[in-house]
Amino acid sequence: MAADFCECAANWRIELIRLTTGEVLKVIIPTQFEFEMVYLEAGRGTISFNRHGVQPFSNRSEAGFLQMLQMYPKSVGIYFSRTAGGSATPAVPVPMFGGIIETFEGTSDGTVTLGFNEIQSYLDSRSIRSDLVFTAQDQRAIAQALVEYASGTNVLGGSVDPILGPGIQLIGGQGGAGAFNRNRTYLAVDRKFIGEALREFVAIIDGPVYSMSHSRQTITDVWTSEMLFRDTWFQGSPFPVIAWHHLTDLKFTMDGNGTANLVDAFGEPAADGTPLIQTFWPGGTFGSMPRYDAAPTFDTVSVASTLFDQAEGYHSDHADLAGNIQLSLSGLDYGTAAGAPTLTIEDLTPGNEVSLDIVSPHWAIKGGYTVPLSTAQPKIGRLSVAVGLEGPEQITVQIMEEQMSRLVIPNDADLETCWDCF
């Protein structure tokens, strides 16, 4: 039985931590787990293990035994580090995911299943309880201040929460050069949650983006997570190429139910009830589509220019079909047996742009920076990792592209040779 447990955890180090301090409470060895990371959203996951460790029904005084308070929902967090794949080694693990335990399930044989959300989901549980006013401030600084309001350490906005209370080890940061100054007002009477405020902020046209990073101090065993805000996405590695020989399967869908190419955005009404409306209409459509209207509401926006930015951002997200390309991979390194190009899981960070050169028997999905004449800018929107008792990690990558028609074409016999199909 012990060998089964160890196979699942061979490439991973999984630690439970106290949220308020970041200190490590326990290292656990799972029977299975899965988690997902999402571009500009909080991911989630589940993990199962035996509370007695790798030896079921071991003595409760042994180190492997897990106490209830060491896995208590909302009090305990969880961190995943890779010990293989890309640059990761057992001596130098690579932190990959941090989360907050949300749900607990225990069975009579000692099996525990925990559900968790990504660490930044904490901001959906903290509201703005004092007036914050930002005037002509760098948008990255505004976003950073909102994150740090949850710990009472924000330096902008003119106030802090009157009841500081314990927070978690989540900090905000800024990267790159700032190019956009914004005005924002958040009133205590609205009790807007910080997570909602940030989602609205990053949704505006030319709004900030953020990446998550996690670090563990090896001497003190303390974990810290950072939301790093930039004006544009920073990609340290070259644009990776994803080819058919990297994949075990692919699937794509296109959905037009949310299509909108004329947007009337409604803001906060004036004191006399007059509605605030801003319209974004570029005067044309993708693929000779007819006009489709939308009227989203942003009820806390009272400035016309800000509302127009929200309308343009909504149009950018809805002007073409909603597409979902899912690519399936096995393990942590890909394509080494087939020759160049090769990939590792480190190339598959949500937010990173990729080039697609996937020519399968029935479909060609091509586009990106390294593809000649391509106007597509595909990026990774979601990365899911699933690990069970047997076999390698199962990886699912979701590709984002605003105009799906620039990527997916049928692979008819006279269109393109499928070199990887033979």
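Everything here concerns the structure above.
Okay, so let's go over this structure. As the structure is a prediction and not an experimental result, all values here were calculated from the model.

The next subject is the environment of Thr21. With respect to the helices and strands, Thr21 occurs in the loop between strand S1 (12–18) and strand S2 (24–28). For the pair Thr21 and Gly167, spaced 146 residues apart in sequence, the C-alpha to C-alpha distance is 8.8 Å. Those residues in contact with Thr21, other than ones at most four positions away along the chain, are Gln169 and Val222. A distance of 3.1 Å separates the side chain of Thr21 from the side chain of Glu23, its partner in a polar contact.

Non-glycine residue Ala136 carries a positive phi angle of around 50°. Of note in the backbone geometry, Arg191 takes a positive phi value of approximately 50° without being a glycine. Summarising the element assignment, Arg191 is placed in the loop between strand S10 (181–186) and helix H3 (194–203).

Turning our eyes to something else, we now look at a nonpolar patch on the surface. On the surface, a cluster of nonpolar side chains totalling about 390 Å² of accessible area is made up of Met68, Leu69, Tyr72 and Phe104. As for its placement among the helices and strands, Phe104 is situated in strand S6 (residues 94–106).

A grouping of Asp131, Asp190, Glu268 and Asp299 is seen on the molecular surface, where their side chains present a negatively charged patch. Checked against the element boundaries, Glu268 lands in the loop between strand S15 (262–266) and strand S16 (277–280).

Take H3 next. Taken as a whole, H3 has its buried residues at Ile194, Gly195, Ala197, Leu198, Phe201 and Val202. End-on, the buried residues of H3 take up no more than an arc of 160°, which puts them together on one face. Looking at the packing, one finds that the buried side of H3 touches helix H2 (139–149), S10 and strand S12 (222–230).

When you line up the elements, Arg182 lands in strand S10. For Arg182, the contacting residues outside a window of four places in its chain are Phe134, Thr135, Ala136, Gln137, Gln139, Ile142, Phe201, Ile204, Ile205, Asp206, Gly207 and Asp309.

Hydrogen bonds between backbone atoms are what pair the strands of a sheet, whose relative direction is either parallel or antiparallel. On the basis of which strands lie adjacent, the open sheet formed by eleven strands has the order S2-S1-S5-S6-S7-S4-S3-S23-S24-S18-S14 and antiparallel pairing. One side of each edge strand has no neighbouring strand; the edge strands of this open sheet are S2 and strand S14 (249–255). Strand-to-strand twist in this sheet, taken as the mean axis angle between neighbours without regard to direction, amounts to 25°. By the bridge criterion, four bridges tie S1 to S2 in an arrangement that is antiparallel. Its bridge partner lying in S2, Ile17 is registered against Val24.

Time to look at the sheet that holds S15. Strand order in this open sheet of three strands is S16-S15-S17, and the pairing throughout is mixed. What marks the edges here is a single partner per strand, and that holds for S16 and strand S17 (293–294). Strands in contact with helix H4 (residues 304–318) are S15, S16 and S17; relative to S16, the strand with the most contacts, it is inclined by about 40°.

Cut-offs used in this document
Residues numbered from 1 in each chain as written. Predicted model: local features only at pLDDT ≥ 70, side-chain atom pairs only at ≥ 80, totals over all residues. Heavy atoms only, no water. Helix = DSSP H or I, 4+ residues; strand = E, 2+ residues; numbered from the N terminus. Contact = heavy atoms within 4.5 Å. Polar contact = N/O pair within 3.5 Å; in protein donor to acceptor, adjacent residues only side chain to side chain. Patch = residues over 30% accessible without salt bridge, like charges linked within 9 Å, V, L, I, M, F, W, Y side chains within 5 Å. Areas by Shrake-Rupley, 256 points an atom, 1.4 Å probe, with all protein chains shown as cover. Salt bridge = Lys/Arg side-chain N within 4 Å of Asp/Glu carboxyl O. Lys, Arg positive; Asp, Glu negative; His and termini not counted. Charge placed at Lys NZ, Arg CZ, Asp CG, Glu CD. Buried < 20%, exposed > 50% of the residue type's maximum accessible area, 1.4 Å probe, protein only. Arc of directions from axis to C-beta. Pairing = 2+ DSSP bridges. Axes fitted to C-alpha atoms, helices over the stretch in contact; angles between N-to-C directions.

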